[in-house]
Amino acid sequence: MSERTEIASLGEFGLIDHLTRNIELQNASSVVGVGDDAAVIDHFGKQTVVTTDMLVEGVHFDLMYTPLKHLGYKSVVVNLSDIYAMNAIPTQIVISLALSNRFSLEAIDEFYEGVYAACEKYGVDLVGGDTTSSQKGFIISVTAIGEVAPDKFVKRSTAKKGDLLCVSGDLGAAYVGLLFLEREKKIFMESPGVQPDLEGESYVIGRMLKPEARKGIIEFFAQNQVTPSSMIDVSDGLSSEILHICKQSELGCILYEEKIPVAEEMKKAAFKFEIDPTACALSGGEDYELLFTIPQSDYDKLVLNEDISVIGYMTEAEQGAHIITRGGSRHAITAQGWNHLKQ
Ligand SMILES: [Mg+2]
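Residues numbered from 1 in each chain as written. Predicted model: local features only at pLDDT ≥ 70, side-chain atom pairs only at ≥ 80, totals over all residues. Heavy atoms only, no water.

(A) Focus on the overall build of the protein chain. When helices and strands are tallied, the protein chain shows 10 helices and 13 strands. A compact globule built from 343 residues would reach a C-alpha radius of gyration of about 20 Å, and the protein chain, at 21 Å, matches this within 12%. Within the protein chain, the proportion of its 343 residues that are buried is 50%. In the protein chain, once contacts between residues fewer than 6 apart in sequence are set aside, the share between residues at least 24 apart is 85%. Only carbon and sulfur atoms are counted for the fraction: they give 51% of the accessible area of the protein chain, which is about 16,500 Å². Of the side chains in the protein chain, 29 bear a positive and 50 a negative charge, and the two mean positions are spaced by 6 Å. (Helix = DSSP H or I, 4+ residues; strand = E, 2+ residues; numbered from the N terminus. Rg over C-alpha atoms; globule rule 2.2 N^0.38 Å. Buried < 20%, exposed > 50% of the residue type's maximum accessible area, 1.4 Å probe, protein only. Contact = heavy atoms within 4.5 Å. Areas by Shrake-Rupley, 256 points an atom, 1.4 Å probe, with all protein chains shown as cover. Lys, Arg positive; Asp, Glu negative; His and termini not counted. Charge placed at Lys NZ, Arg CZ, Asp CG, Glu CD.)

(B) Structural detail: the nonpolar core. Among the nonpolar cores identified, the biggest contains 52 residues, and Ile 93, Phe 111, Phe 138 and Ile 140 are the most heavily contacted of them. Per element, the largest residue contribution to this core is 9 residues, and it comes from helix 3 (residues 105–122). Counting contributing residues per domain, this core is built from domain 1 (7–148) and domain 2 (164–342), each supplying no fewer than three. Setting aside chain neighbours within four positions, we find Ile 140 in contact with Asp 53, Met 54, Leu 55, Phe 61, Leu 71, Ser 75, Ile 95, Ser 96, Leu 97 and Phe 111. The next biggest cluster of nonpolar side chains, apart from the first, holds 22 residues, and it includes Val 234, Leu 282, Ile 311 and Ile 333. (Core = buried A, V, L, I, M, F, W, Y, C linked by side-chain atoms within 4.5 Å. Domains from an automatic or database assignment.)

(C) Representation of the packing of aromatic side chains in the model. Evaluation of the coordinates by the stated rule reveals 10 aromatic pairs. Aromatic pair Phe 221 and Phe 292: ring centres 5.0 Å apart, planes at 80°, arrangement edge-to-face. Of this pair, Phe 221 sits in helix 6 (residues 215–223) while Phe 292 sits in strand 10 (residues 290–294), and the two are 71 residues apart along the sequence. For the pair shown, Phe 221 and Phe 292 are each scored as buried. Put simply, the rings of Phe 61, Phe 103, Phe 111, Tyr 112, Tyr 116 and Phe 138 touch in pairs and so form one group of aromatic residues. Positioned above the aromatic ring of Tyr 73 is the side chain of Lys 210, whose terminal nitrogen or guanidinium carbon lies 4.3 Å from the ring centre. (Phe/Tyr/Trp six-rings, centres within 6.5 Å; stacked < 30°, edge-to-face > 60°. Lys NZ or Arg CZ within 6 Å of the ring centre and 35° of its normal.)

(D) Focus on the pairing of strand 9 (residues 251–256). Across the 6 residues that make up strand 9, a large majority, 5, are buried. Note: strand 9 against strand 11 (residues 308–316), 5 bridges, orientation antiparallel. When the bridges of strand 11 are listed, Gly 252 appears paired with Thr 315. Of the pairings in the sheet, the one linking strand 9 to strand 12 (residues 321–324) comprises 4 bridges and is parallel in character. Across the sheet, residue Cys 253 finds its bridge partner in strand 12, namely Ala 321. (Pairing = 2+ DSSP bridges.)

(E) Molecular detail of the side chain of Asp 170. Secondary-structure assignment places Asp 170 in the loop between strand 7 (164–168) and helix 4 (173–190). Among the polar contacts made by the side chain of Asp 170, one reaches the side chain of Tyr 203 at a distance of 2.6 Å. Apart from residues no more than four positions distant in its own chain, Asp 170 is found in contact with Tyr 203, Arg 207, Pro 261, Val 262, Ala 263, Asp 287 and Glu 289. (Polar contact = N/O pair within 3.5 Å; in protein donor to acceptor, adjacent residues only side chain to side chain.)

(F) Representation of the coordination of the magnesium ion. Note on the magnesium ion: its protein donors are Asp 82 (OD) and Asp 233 (OD). The metal-donor distances range over 2.1 Å. With a gap of 151 residues between them, Asp 82 in helix 2 (residues 68–84) and Asp 233 in strand 8 (residues 230–233) connect regions that are remote in the sequence. On the basis of relative accessible area, Asp 82 is assigned to the partly exposed category, the value being 24%. (Donors = N, O, S within 2.8 Å, 3.2 Å for Na, K, Ca; no water.)

(G) Seen up close, helix 1 (residues 11–20). Among the residues of helix 1, those classed as buried are Leu 15, His 18, Leu 19 and Thr 20. Looking at the buried residues of helix 1, the elements they touch are helix 3 and strand 5 (125–133).

(H) Examining the sheet that holds strand 8 more closely. The 7 strands are arranged 8-10-7-11-9-12-13 in an open sheet whose pairing can be described as mixed. Each having just a single partner strand, strand 8 and strand 13 (330–332) make up the two edges of the open sheet. If you compare each strand with its neighbour and ignore which way they point, the axes differ by 25° on average. (Axes fitted to C-alpha atoms, helices over the stretch in contact; angles between N-to-C directions.)

(I) Structural detail: the domain arrangement of the protein chain. Taken domain by domain, the protein chain comprises domain 1 (7–148) and domain 2 (164–342). Relative placement of domain 1 and domain 2: their C-alpha centres are 27 Å apart. Across the contact, 21 residues belong to domain 1 and 22 residues belong to domain 2. Between domain 1 and domain 2, the buried area comes to about 2,000 Å², and carbon and sulfur atoms account for 63% of it. On the domain 1 side of the interface with domain 2, the three residues burying the most area are Tyr 65, Lys 74 and Tyr 84, jointly 32% of the side's total. The interface formed by domain 1 and domain 2 includes 3 salt bridges. The partner of Glu 286 in a salt bridge is Lys 74, with the nearest N and O atoms 2.8 Å apart. When contributions to the side of domain 1 that touches domain 2 are tallied by element, the ones reaching two or more residues are helix 2 and helix 3. Residue contributions to the side of domain 1 that touches domain 2 peak at 9 residues, all from helix 2. Of the residues contributing to the side of domain 1 that touches domain 2, the split by class is 13 nonpolar, 4 polar and 4 charged. (Buried area = accessible area lost by both parts, 1.4 Å probe. Salt bridge = Lys/Arg side-chain N within 4 Å of Asp/Glu carboxyl O. Nonpolar A, V, L, I, M, F, W, Y, C, P; charged D, E, K, R; others polar.)

Now the structure itself:
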């Protein structure tokens, strides 16, 4: 990039005008968007779901290997994932940034390219936000708003004994992608100039840098009249999310290792680091898949969707939360996951 425009040359209002100049509102519920004291959202008899998430440079992301466009995209997607996890449809976001003068207008434009790409892909409107300066580092706060038909939202606390435990997509790849990025960063820090060797790892790295939220699963539920009895998105690793559902629903569960969906690319990559793919799926995190329970009577509907795996079932609380390994042994699930390597 050759051009550099100081953000100070635009001023705050100039920056807002610049960043929001192409917005066209897509949702009837977006009554007033950017440009007033507050946005106005009318849900026409639906219920509103709200979630917010803050991302801090050096804590949640590393700009050494995170392109700003991907960061903008991911900042939106991780919030939409929480809206979908309520069985709701996201409709609006507001986004606030704190940035130091290290960032030029061109850099922020790249970030917003990712933000708007996510807005377009998921059909949400950016309706407001705030920008401020920071002494150091980049801080991003995104709030997402969604809508759901009255009382069709799905909580974590309402799973029933005997329900099937299900998950979308595949797990563990984002974590292995992060391991590659961290490894290459370390090599680069020790010998600058060495080109990163990430050949053939585009799947796992893509899962880390540019995750997607599971819009299609929520649409599938609506089309097939499936209402999960409980749901959560997988941001911290499968075992941690399973324990949230168990604890909040006051149940136990049985999880089958052989049923946990993992991508071939992830397995190969995990073996390069000599780590167990199951451990990556259980403890890795940042997959943004949906973990949910359904009554056994809905099983026939689920088999229509190749992107959904049944991985276990819910039991009484007294039985605890356990994983049955491929070898047939039984272990308690812990928040850190369960790890072959520790056996
Ligand atoms: Mg969540």
